[in-house]
Amino acid sequence: MAFVNLGLIVTEAIGYFALMVSLLHFRHRLGLGVFMTALGVMHFMETYLAALFYVSLPFGVASPGSSVFFAGKLMMILMLYLEEDASTVRQPIYGLFLGNLLTVAIAWVLQLHETVEVSPGNAADFSFLKEMGWLMVWGTALLYLDSLGIILLYERLGLWMKRKVILRFMLCGFALLTFDQIGFFGALHYFLDVPLAAFWDGWRAKMFAVCIYTALFAFYRLYIHRNGVPAAARSLSDLFGDLTFRERYNDLLERTGRDILTGVYDRSRMELEAPVMMREALRQGQLTTVIIIDADHFKDVNDNFGHLQGDEVLKSIAARLVMILRSADRVFRFGGEEFVAICPGTEHEEGLLVAERLRWTIATSVRTPDARPVTVSIGVATADEDGVSFMTVLSTADDRLYQAKKNGRNCVFGRMGLVKVLT
């Protein structure tokens with residue numbers, strides 16, 4: 001029976017890893033909130049199992065809640081750090097901690113009720129709920145320390161093992177889950193009188209789980225992810241400075257290459273990012289639509305009302321573009337009164353609908369100082385149908401913008417010609 005339980009433990013670990021890594025891998029499509037919610041939902045179950053549910057294994061008695069699910073959660077947090085940054089990692093930890101504090105508070109308030117036993121023999125067990133709440137708070141506090149420790153240790157090991165990412169991953173798991181076993185078992189022994197003999201059994205089970213998760217991580221990294229994770233070689237003297245290094249860098253990068261007037265990205269940023277976005281989309285088998293938007297008769301606005309009013313019109317147009325387009329899309333100021341939108345994962349017909357919605361929104365909501373509507377002409381092209389390089393697709397979209405202007409402006413021109421306007 002012990003070997004049957006071991007097989008089930010392995011199956012549970014594989015299933016947990018497969019689900020969580022899938023959510024992490026596709027976070028740009030599904031949203032990171034899906035991964036974080038799944039991570040949090042498991043917390044009560046793993047704490048409950050760690051407190052009461054134990055099975056016999058070839059190397060002793062252990063709980064799947066502690067050895068499989070909690071160990072898996074810590075390794076997932078390290079993977080989340082590798083994919084994102086320390087700021088993102090802190091969010092689920094704070095959420096779990098505050099949620100568990102709320103659980104304890106509610107359990108305390110609920111004890112003030114005079115309850116009715118509707119089903120004989122099934123009275124509310126407030127003492128169990130209260131014990132579980134404090135156990136979850138302690139477990140989450142440990143998880144917070146574990147998360148800081150595993151990230152710092154991973155970075156520190158990078159000074160000596162820069163290219164051995166998988167080995168670093170495993171060593172971090174061994175070290176921090178040993179620390180966690182000491183801390184969490186102390187709480188189990190204090191609150192629930194779990195015998196000291198269970199400490200070593202649980203520790204061996206966690207080390208076994210680390211081996212499983214490391215093997216799965218290696219498979220994911222070598223055959224699915226296929227992108228290197230750079231090793232850090234920076235000082236750890238400032239704890240939170242170290243953890244937020246990437247987020248500060250990303251914030252600086254985000255603010256670099258912005259058009260000062262409109263706030264959207266500028267042309268130099270487009271020349272760097274757009275080809276990469278298009279290549280990545282094509283590599284994943286997705287189309288990418290390029291939309292060029294040009295304000296009609298914009299020179300008349302400057303001549304009649306001055307450049308400051310012209311600037312306000314440009315800012316209004318840019319605001320409508322950002323409002324309509326998705327978060328995965330990118331808007332760039334191409335020059336003067338022209339803007340370029342890059343829409344990965346968007347087919348040509350869908351891109352035409354988006355372009356027409358942009359045209360209609362601007363025409364009905366942007367006005368000159370004398371209350372006249374501002375209109376735009378738009379050209380649309382799509383990779384790979386109109387080319388596989390960004391410059392080729394951009395040139396095709398620009399040609400279609402010219403055709404839109406020839407057709408009287410205030411219209412969208414695509415592969416099949418003029419697009420029917422919205423009513």
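About the criteria used
- Residues numbered from 1 in each chain as written.
- Predicted model: local features only at pLDDT ≥ 70, side-chain atom pairs only at ≥ 80, totals over all residues.
- Heavy atoms only, no water.
- Axes fitted to C-alpha atoms, helices over the stretch in contact; angles between N-to-C directions.
- Helix = DSSP H or I, 4+ residues; strand = E, 2+ residues; numbered from the N terminus.
- Parallel < 35°, antiparallel > 145°, perpendicular 65-115°, else oblique.
- Contact = heavy atoms within 4.5 Å.
- Nonpolar A, V, L, I, M, F, W, Y, C, P; charged D, E, K, R; others polar.
- Salt bridge = Lys/Arg side-chain N within 4 Å of Asp/Glu carboxyl O.
- Buried < 20%, exposed > 50% of the residue type's maximum accessible area, 1.4 Å probe, protein only.
- Polar contact = N/O pair within 3.5 Å; in protein donor to acceptor, adjacent residues only side chain to side chain.

Trainee: In this structure, what is going on with the packing of helix H11 (residues 267-283) against helix H15 (residues 390-406)? I would like to understand it.
Mentor: To describe two helices that pack against each other, one gives the angle between their axes and the distance between the axes. Taken N-terminus to C-terminus, the directions of H11 and H15 make an angle of 105°; their axes are 9 Å apart at the nearest point. As far as their axial angle goes, H15 and H11 are roughly perpendicular. Residues Met270, Ala274, Pro275 and Met278 of H11 form the contact with H15, whose own contacting residues are Phe390, Val393 and Leu394. Taken together, the residues of the contact of H11 with H15 break down into seven nonpolar, no polar and no charged.

Trainee: How do you make sense of the pattern of salt bridges when you look at a structure like this?
Mentor: Any two side chains of opposite charge can pair, given that their charged atoms come close. Following the criterion strictly, the structure yields 18 salt bridges and no others. For Lys405, the salt bridge identified is with Asp294, shortest N-O distance 2.4 Å. Of the two residues, Lys405 is situated in helix H15 and Asp294 in strand S3 (residues 288-295); the sequence distance between them amounts to 111 residues. Residue Lys405 is classed as partly exposed on the basis of its relative accessible area, which comes to 23%. The class for Asp294 is buried, based on a relative accessible area of 5%. Where Arg326 meets Asp329, a salt bridge forms, and the shortest distance between an N and an O atom there is 2.7 Å. Its relative accessible area of 38% is what places Arg326 among the partly exposed residues. Among the residues examined, Asp329 registers a relative accessible area of 9% and is labelled buried. Here the salt bridges share partners, and the residues they tie into one network are Asp294, Asp296, Lys405 and Arg409.

Trainee: Help me understand the side chain of Glu273 in this model?
Mentor: One can find Glu273 in helix H11. Within polar-contact distance, the side chain of Glu273 engages the side chain of Arg269 at 2.5 Å. Once you skip the residues sitting within four places of it in the chain, Glu273 turns out to touch Arg330 and Phe332.

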